Amino acid sequence: MIEINIIHLPETDSTNAYLIGLLKNKRPKEGTVIVTENQTGGRGMDNNSWESEKDKNLTFSILLYPPITAGKQFVMNKAVALGICDFLKSELPLNSVKIKWPNDVYIGDKKACGILIQNSVTGTNFDYSVTGIGLNVNQTIFLGDAPNPVSMKMVSGIDYQLGNVLDKLLVSISERYEQVCKGLHGNIETDYQCALYRLREWHGFELKGIRIKACVKGTNEYGQLLLDTEEGGTCVCDVKEVKFVI
Ligand code: BTN
């Protein structure tokens, strides 16, 4: 298991940005975690911001040096998303904890956790992976424009102790990361496919701006989403091309 070293900041704009800043001058130890209870400029996917009320949620970033080649980097998204699912399933015994492709963690039809992985690669070599995680824990009112946020408290009614949640979550993520390091990519792959939100269910999607009905078949080796269509074909989709209609 990797050794975790938590650096706690009372406030920072973005834990990912802070950690990437540290990497400019030195090579901090693998397992360095930057956590803050007041992230003032949290970053999300697609240049979105990440809303997190002070003292209510987990916003943190983990530094990893994965022993994989650059072409295999999507395994990190899968492993981290699975670690978060493992944790949420142990805390909230529900069948509805799923991974909405590529790596949002959903409870039912709502988003509980976002992941922003920023990798640095040189040629085929992996330099580092900064994995930023925003998990909604105790926040119950969301003011931003995120369409469907949910928190652990909104599901269970429990007010969680954030330090305790962070410790358990880091164990679950480390266990999945260990599978990456041991080359157990097949296990990660199988569990990821099973955990996909709306797997083998017919739902609406927007593909390149056109509304279709389709069924999630899985993902391919490049991490693209495979959608079976009503016409009997399979679409291979990149992140920017497809939207789930929820
Ligand atoms: C998403 O858009 O779903 C990804 C959200 C990632 C948010 C986390 S919070 C901790 C870390 N620091 C950031 O600025 N972003 C990530």
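Relevant structure appears above.
Residues numbered from 1 in each chain as written. Predicted model: local features only at pLDDT ≥ 70, side-chain atom pairs only at ≥ 80, totals over all residues. Heavy atoms only, no water.

A. Looking closely at the overall build of the protein. Assigned secondary structure in the protein consists of five helices and 12 strands. Relative to the globule expectation of 18 Å for 246 residues, the C-alpha radius of gyration of the protein, 18 Å, shows essentially globular dimensions. Within the protein, the proportion of its 246 residues that are buried is 51%. Long-range contacts, defined as pairs at least 24 residues apart, comprise 63% of the intrachain contacts of the protein with a sequence gap of at least 6. (Helix = DSSP H or I, 4+ residues; strand = E, 2+ residues; numbered from the N terminus. Rg over C-alpha atoms; globule rule 2.2 N^0.38 Å. Buried < 20%, exposed > 50% of the residue type's maximum accessible area, 1.4 Å probe, protein only. Contact = heavy atoms within 4.5 Å.)

B. Up close: the site of the ligand. Close to the ligand lie 20 residues; Ser-14, Gln-39, Arg-43, Met-45 and Lys-111 are nearest. Separating an oxygen atom of the ligand from a backbone N or O atom of Met-45 is a distance of 2.7 Å. One nitrogen or oxygen atom from the side chain of Lys-111 is found 2.6 Å from an oxygen atom belonging to the ligand. Counting only elements with at least two residues in the shell around the ligand, the list comes to α1 (15-25), β3 (58-64), β6 (110-122) and β7 (125-135). Among the elements that make up the shell around the ligand, the one with the highest residue count is β6 (four residues). Here the residues of the shell around the ligand sort into six nonpolar, 11 polar and three charged. (Near = heavy atom within 4 Å. Polar contact = N/O pair within 3.5 Å; in protein donor to acceptor, adjacent residues only side chain to side chain. Nonpolar A, V, L, I, M, F, W, Y, C, P; charged D, E, K, R; others polar.)

C. Focus on the pattern of salt bridges. Per the stated rule, a full pass over the model turns up 13 salt bridges. Taking the shortest distance from any N to any O, the salt bridge between Glu-189 and Lys-78 comes out at 2.5 Å. Linking Glu-189 in helix α5 (residues 185-195) with Lys-78 in helix α2 (residues 74-91), this pair joins segments that are 111 residues apart in sequence. Where Asp-104 meets Lys-111, a salt bridge forms, and the shortest distance between an N and an O atom there is 3.1 Å. (Salt bridge = Lys/Arg side-chain N within 4 Å of Asp/Glu carboxyl O.)

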